[in-house]
Amino acid sequence: MTTEQVAGVDVLVHGLRRYVESLQVSAGDSVAVRRLMNDLDRLELDLGDLRLPQDAVPPQSPVERGVEVIRVPDAVGDPGQWHGVDDEGIGGHRRHHA
């Protein structure tokens, strides 16, 4: 996609946003109008991604996006803490441990 194509789509999305905003004024804040506004937000985000240099890769890992990562150990821990708890995914079947 060329820079001209992205710019053309950008103009169209901005024009569409003006129409949807006027629809929001006349039709009110309905679920359908909010969905349209959300769709426009997503289109603008995608256009922003297309403006990135072709060799630029947006950050993918949670750490690169600034999200705090909490590591949970794989160790089983104390099995007694699960005594009497339903096994989800097995239909609520209770296992009886000795």
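Residues numbered from 1 in each chain as written. Predicted model: local features only at pLDDT ≥ 70, side-chain atom pairs only at ≥ 80, totals over all residues. Heavy atoms only, no water.

Caption draft 1: Molecular detail of the pattern of salt bridges. Applying the stated criterion across every chain, the model contains five salt bridges. When the shortest N-O distance is used, the salt bridge between aspartate 39 and arginine 42 registers 3.6 Å. Here arginine 42 and aspartate 39 lie together in helix α2 (residues 31-51), a separation of three residues that amounts to about one turn. (Salt bridge = Lys/Arg side-chain N within 4 Å of Asp/Glu carboxyl O. Helix = DSSP H or I, 4+ residues; strand = E, 2+ residues; numbered from the N terminus.)

Caption draft 2: Region of the structure containing the packing of helix α1 (residues 3-27) against α2. In the contact formed by α1 and α2, the axes pass within 10 Å of each other and the chain directions differ by 165°. Here α2 runs roughly antiparallel to α1, going by the angle between their axes. Pair α1 / α2 crosses with left-handed handedness. Every residue of α2 that contacts α1 at Val6, Val9, Asp10, Val13, His14, Leu16, Arg17, Val20, Glu21, Leu23, Gln24 and Ala27 is listed here: Val33, Leu36, Met37, Leu40, Asp41, Leu43, Glu44, Leu47, Leu50 and Arg51. Of the residues in the contact of α1 with α2, the class split is 14 nonpolar, two polar and six charged. (Axes fitted to C-alpha atoms, helices over the stretch in contact; angles between N-to-C directions. Parallel < 35°, antiparallel > 145°, perpendicular 65-115°, else oblique. Left-handed = near helix turned anticlockwise from the far one by under 90°. Contact = heavy atoms within 4.5 Å. Nonpolar A, V, L, I, M, F, W, Y, C, P; charged D, E, K, R; others polar.)

Caption draft 3: Examining the side chain of arginine 17 more closely. Its place among the elements puts arginine 17 in helix α1. Assessed through its relative accessible area of 14%, arginine 17 is described here as buried. The contact partners of arginine 17, leaving out residues within four places of it in the chain, are Met37, Leu40, Asp41 and Glu44. (Buried < 20%, exposed > 50% of the residue type's maximum accessible area, 1.4 Å probe, protein only.)

Caption draft 4: Inspection of the nonpolar core at higher detail. Core analysis: the biggest nonpolar cluster contains seven residues, these being Val6, Val13, Val20, Val33, Met37, Leu40 and Leu47. For this core, the secondary-structure elements that each account for two or more residues are α1 and α2. Looking at this core element by element, the count peaks at four residues for α2. Beyond its immediate chain neighbours, meaning those up to four positions away, valine 33 contacts Val20, Leu23, Gln24, Ala27 and Gly28. (Core = buried A, V, L, I, M, F, W, Y, C linked by side-chain atoms within 4.5 Å.)

Caption draft 5: Summary view of the environment of aspartate 29. By the element assignment, aspartate 29 lies in the loop between α1 and α2. Among residues more than four places away in sequence, those in contact with aspartate 29 are Gln24 and Arg34.

Caption draft 6: Examining α1 more closely. With 25 residues, α1 ought to run about 36 Å at 1.5 Å a step, and its terminal C-alpha atoms sit 35 Å apart, in line with that. Buried within α1 we find Val6, Asp10, Val13, Gly15, Arg17 and Val20. Tucked into the core, α1 has its buried residues touching α2. Downstream of α1 by a residue or two, glycine 28 has a phi angle that is positive, lying close to 90°. (Expected span 1.5 Å × (residues − 1).)

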